[in-house]
Amino acid sequence: MSEGMRVRMRVDGAEIAADVDRPGESLLTSLRDRLGLTGSKNACEQGECGSCTVLLDGLPVCACLVATAQCEGREVKTVVGAVPRPVRDAFVACGAVQCGFCTPGLLVSVADLLDREPDPDDALIREALAGNLCRCTGYEKIIEAVHVAAEAMSDGVPRVPARSHLHHNQWINVTTFPRGDAETGEDTP
Amino acid sequence: MPEPTTPTPPRRAAGGVGTHPAAPAGPRPHAAGVGTSPARPEAEAKVNGAFDYASDLHFDGMLWGHTLRSPHPSAGIRAVDTAPALALPGVHAVLTAADVPGKLHYGLIDADQPVLAAGEVRYQGEPVAIIAADTLDTARLAAEAIRVDYEVREPQCDPQAAVDAGNHFRYQPVRLGEPVTAEAAVIIAREYTVGMQDQAPLGPESGAAVPTGDGGVRLHVATQWLHSDLEQLAPCLDLEPDRIHMVMAGIGGAFGAREDLSVQAHMAMLALATGRPVKMMYDRAESFLGHVHRHPARMRYEHGADEHGRLVYVKAHIVLDGGAYASTTDAVVGNAASLAVGPYEVEHVAIDAWGARTNNPPCGAMRGFGGVQTCFAYESQMDALAEALGLDPLEIRRRNAVAQGSRLINGQIIDAPSPAAPAVVGSDAVPQAGTAPSPAPPGAAGADARPFSPLADMIDRIREIPVPAIPAARDILDLPGGTGNTTHGEGVRRGVGYGVGLKNVCYSEGFDDYSTARIRLELEDGEPVATIHTAAAEVGQGHWNLQTQIVRTELGVDRVRLAPNDTKVGSAGSSSASRQSYMTGGAVKAAAEAARALWTDRDLADGPIEATRVFRHRATKPMDAITGQGDSHVQLALCVHRATVDVDVELGLVKVVDLTCVQDVGKAMNPNALEGQIHGGTAQGLGLAVMEELVTVRGEVKNASFTDYLIPTILDMPPMRLHIVENADPEAPYGLRGAGEPPTLSSTPAIVAAIRDATGLALTRVPVRPEHLTTGRPS
Ligand code: FES
Ligand code: FES
């Protein structure tokens, strides 16, 4: 073990000191394991999934690829401090959150995108979020949520998204598909 | 993790001053009830970074656990020297097979997997020793310090050779009619290959074990089935099941990867050995080695059809590679065999399906479970038949589509609607109310001479949705190659293809499949509050939300709470096989109905009401060992996909530009969550079609990282248009049909069919790789 060092930084508005005993320790490890700030997620530690995305002096970075030692005197914003309320509301309302493991990183990336580009089109959204993997949603509702958030932020009016797809919500036919002998299971509590 | 609470919808006036709210007469629409899309109870925590996933757990004084895994797919173990690891400062325990307190093996269906390897390793990544240390770094260093003396052996990696040598977990034939002598006007015989897909949930395997001080242990873990974990763990730990308390930790996706044990036994052993809480968390590379995968498959199919395209016979030889241990291969083989021809009528069938035992990574559950592999093969065959006969691909499917009255190849008849109620039993004195069958809509029964075919109906619907036009001016980013800026459109060809998937819902083949729910109803501030307690895993699908919706509909209450999922209530079964809405949804509905009946005769001011119900679907039968016949499935669900792709035929790059889907869901319980399931399932099918494969060479995994194992990004996914059909199943709660898996079946063959349409290549293997498109063009 090398000699410890103390790194002072501002995390989500609070002055924080992290005592790091390895020069290579990542910002993600310091936040999660040393400081107990588990909002940023670890899904790869290789800069591939974006689950650990935070803003470092306003720029989105993968916290797993940044050494804590580089963060002296700098400002770190995680999902806790980086994301405007309408963005979070839009993710909830649109169903853009399933397991939610990708969500903290995605929210930070979306906050950064909307800061640069208040009304992004689909192509811009896809480009901006290309570094954030989500295994659950297929991304469709994430794109919808970004549009809903952009609208809400432009006029301050929160929205409930319209159902975006074709639905055939009626009873077309009653079908058992398939049914064998109507034999019920043995019941034991 | 914190007890999930649900946001309170706007309160309705609940009785006047001095009166107590009375039980509703029956279920009634509620603003946040069944059929609506309220916000998830846990959504707020998830968007605030406050939701505790298993990897976020922390306990005071906890140690970190780590696993030493075999680098060899096959080797004898002559000796394990743990002394150098134990000598490191900060190391508290190093355990091997010799330290397993009880039974040495566990498994979901057969207990054949060693807790820790004893004398032999059978796949690369098999756990050999476990370490508890002050920090994860120290534990990893300790793992490196352990000296294992391996006697490396030649691995058996060819599944067909393994089958030939009698090494298989299951052989399941299906025989129908006279397949040997059946004659056909057109015959298509091809061999198909499916690569090994990984579930790749973003949340890594993780959990913590906490000694309870009385020799027992509490496990906080992200799993799909708490009670099955407990059943497997207890004998290995040599503890009575009631000494082990299993508590669900937040789950970052599952898709089958959390069916089998991972960290459970290891962290429990370390906690019991050290007397301290122990946390384990796999990194991504270890995650790829530490859970089962989707079975790779080799499938030789022969389809014979008459000149009108009607199937005469199907023969198939299906070999699924189960890898080194049994896991759920047994059930995967059963699904592959019974669903081997898909939703089509055929009189003569000869299917032989094997689950091979090799030294490849163990394979087990992944979304689609045995249905995905054969769906790619039979749908490719249907397209090849259509091409040979000059038929439209939708038309050939329509001509063969099963309808009411059709017989599936396991002999099961798709029968007329049945009023049979699901079986429900309870633990209080109130007799259960019979479940009323869903009302038949006007005109449902037979004016039409042809029996109703849900599939033909869905095919007609997808035909009506226009195929997206090729835009006049396209951005370079929209073309295959995207940001790589590899083309201006020259060499880019458009293709359209279709896929139909048929998936069984719930557990099949005679398994005693049930779920349990407990509902407590009490007054708080004069208002009724319902608390739901189940062991059902919220893997991201929205099941917690669904439970609250059912309770609001059945009890008319606004305030609903979810007790933490644990083993202090009966089993819910697994969040798999698209079964949880049906099964735990059914149990919650039954418990709510029982609570409502109790409430009718009581004033809540006199004390809380509690009702527990166990819900079972109708019994199924095993498949006959020789003919495969047997009423083996409970419910089947259908999905139809159309894919539109652009292919750069010079570079072999594929861009999926549109995925349109028609799915029959029985009842859209929560439209928002349902759409999310279809989107996500479709995305995983796209992954298998064009990018996802865990590559093994002589049993060694070559790409255990997100750098080398690619899953679809937002740039890979096209817009997905959904057309949701609700053909109610009167036997299922609210008429619902399991929805999570079917789209994973149908999207893969649809995309490959579209690539064939664009390129003219035969393409019999998934994932399709660029080199498959740029070499070996057909003559
Ligand atoms: S954990 Fe940092 S990019 Fe995946
Ligand atoms: S919601 Fe599960 S990974 Fe995105």
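Each value, and the rule that gives it
- Residues numbered from 1 in each chain as written.
- Chains lettered and ligands numbered in written order.
- Predicted model: local features only at pLDDT ≥ 70, side-chain atom pairs only at ≥ 80, totals over all residues.
- Heavy atoms only, no water.
- Helix = DSSP H or I, 4+ residues; strand = E, 2+ residues; numbered from the N terminus.
- Contact = heavy atoms within 4.5 Å.
- Buried < 20%, exposed > 50% of the residue type's maximum accessible area, 1.4 Å probe, protein only.
- Pairing = 2+ DSSP bridges.
- pLDDT = per-residue confidence, 0-100.
- Domains from an automatic or database assignment.
- Buried area = accessible area lost by both parts, 1.4 Å probe.
- UniProt positions renumbered as here; feature names shortened; annotations may be inferred.
- Axes fitted to C-alpha atoms, helices over the stretch in contact; angles between N-to-C directions.
- Parallel < 35°, antiparallel > 145°, perpendicular 65-115°, else oblique.
- Left-handed = near helix turned anticlockwise from the far one by under 90°.
- Nonpolar A, V, L, I, M, F, W, Y, C, P; charged D, E, K, R; others polar.
- Phe/Tyr/Trp six-rings, centres within 6.5 Å; stacked < 30°, edge-to-face > 60°.

Q: Help me get a handle on the environment of G216(B), residues and values and all.
A: Residue and element names in this part refer to chain B. For G216, the position within the fold is in the loop between β11 (206–211) and β12 (217–221). Sequence separation between G216 and P564 is 348 residues; the distance between their C-alpha atoms is 20 Å. In this view, G216 contacts P211, L239, R243 and L272; residues no more than four positions away in its chain are not counted.

Q: Tell me about the pairing of β11(B), and please be specific about residues and values.
A: Within a regular strand, the side chains alternate between the two sheet faces. Residues and elements named next belong to chain B. For β11, the tally of buried residues reaches five of six residues, placing the bulk of the element in the interior. Sheet analysis places β11 next to strand β14 (residues 278–281), joined by four bridges and oriented antiparallel. Counted as the bridge partner of G207 is M280 from β14. Bridge count between β11 and β12: five bridges; the pairing is antiparallel.

Q: Lay out helix α1 (residues 27–34) of chain A in plain terms, naming residues and giving numbers.
A: All names here are of chain A. Among the residues of α1, those classed as buried are L27, L28, S30, L31 and R32. If you follow the buried residues of α1, they end up packed against β1 (5–11), β2 (14–20), β3 (53–56) and β5 (75–77). Looking one or two residues beyond α1, the residue adopting positive phi is G36, at roughly 70 degrees.

Q: How would you sum up the confidence of the model for chain B? Please name residues and give values.
A: All names here are of chain B. Mean pLDDT over chain B: 92, with 93% of residues reaching 70 or higher. pLDDT under 50 marks residues 416–422. Its contacts with residues more than four places away, or in other chains, come to 21 contacts. Interface confidence for the predicted complex, given as ipTM, is 0.93, next to a pTM of 0.93.

Q: So what's going on with the domain arrangement of chain A? Which residues, and what values?
A: Residues and elements named next belong to chain A. For chain A, the assigned domains read domain 1 (5–78) and domain 2 (83–168). Centre-to-centre, using C-alpha coordinates, domain 1 lies 24 Å away from domain 2. On the side of domain 2, 10 residues touch domain 1, which itself brings 14 residues to the contact. For the pair domain 1 and domain 2, the summed buried area comes to about 900 Å², and 62% of that belongs to carbon and sulfur atoms.

Q: Which residues make up the UniProt feature "domain: Aldehyde oxidase/xanthine dehydrogenase a/b hammerhead" (unreviewed entry) in chain B, and what are the values?
A: In the numbering adopted here, UniProt assigns the feature "domain: Aldehyde oxidase/xanthine dehydrogenase a/b hammerhead" (unreviewed entry) to residues 48–154 of chain B. Secondary structure content for residues 48–154 of chain B is 13% helix and 36% strand, and the end C-alpha separation is 51 Å.

Q: Tell me about the packing of helix α4 (residues 103–116) of chain A against helix α6 (residues 140–155) of chain A, and please be specific about residues and values.
A: Packed helices, taken two at a time, are described by the angle their axes make and the gap between the axes. Residues and elements named next belong to chain A. In contact at an axis separation of 11 Å, α4 and α6 are set at 45 degrees when each is read in the N-to-C sense. As summarised for this structure, α4 and α6 are arranged oblique, according to the angle between their axes. Considering only the axes of α4 and α6, their crossing is right-handed. Between α4 and α6, the contacting residues are L106, V110, L113 and L114 on the first element and I142, V146, A149, A150 and M153 on the second. Looking at the contact of α4 with α6 residue by residue, the classes come out as nine nonpolar, no polar and no charged.

Q: Outline the packing of aromatic side chains, supporting the account with residue identities and numerical values.
A: Residue and element names in this part refer to chain B. Scanning the model with the defined rule gives 12 aromatic pairs over all chains in all. Ring geometry for F51 versus Y53: centroids 4.9 Å apart, planes at 70 degrees, classification edge-to-face. You'll find F51 and Y53 in the same group, each marked buried. When the centroid spacing of 5.3 Å and the interplanar angle of 55 degrees are considered together, the rings of F288 and Y709 count as tilted. Highlighted residues: F288 in helix α7 (residues 284–290) and Y709 in the loop between β27 (700–701) and β28 (720–726), separated in sequence by 421 residues. The exposure class of Y709 is buried, given its relative accessible area of 1%.

Q: Explain unusual backbone geometry to me, using residue names and the numbers behind them.
A: Residue P767(B) is bonded to the preceding V766(B) through a cis peptide linkage, with omega at -5 degrees. Structurally, P767(B) can be placed in the loop between β29 (765–766) and α16 (770–774). One non-glycine residue with positive phi stands out, namely Y139(A), at about 75 degrees. With respect to the element layout, Y139(A) can be found in the loop between α5 (122–128) and α6. On the accessibility criterion, Y139(A) (1% relative accessible area) is buried. Positive phi, close to 40 degrees, is recorded for F369(B), a residue that is not glycine. Locating F369(B) in the fold gives a position in the loop between β17 (348–356) and α9 (371–389). On the basis of relative accessibility, which here comes to 16%, the residue F369(B) falls in the buried class.

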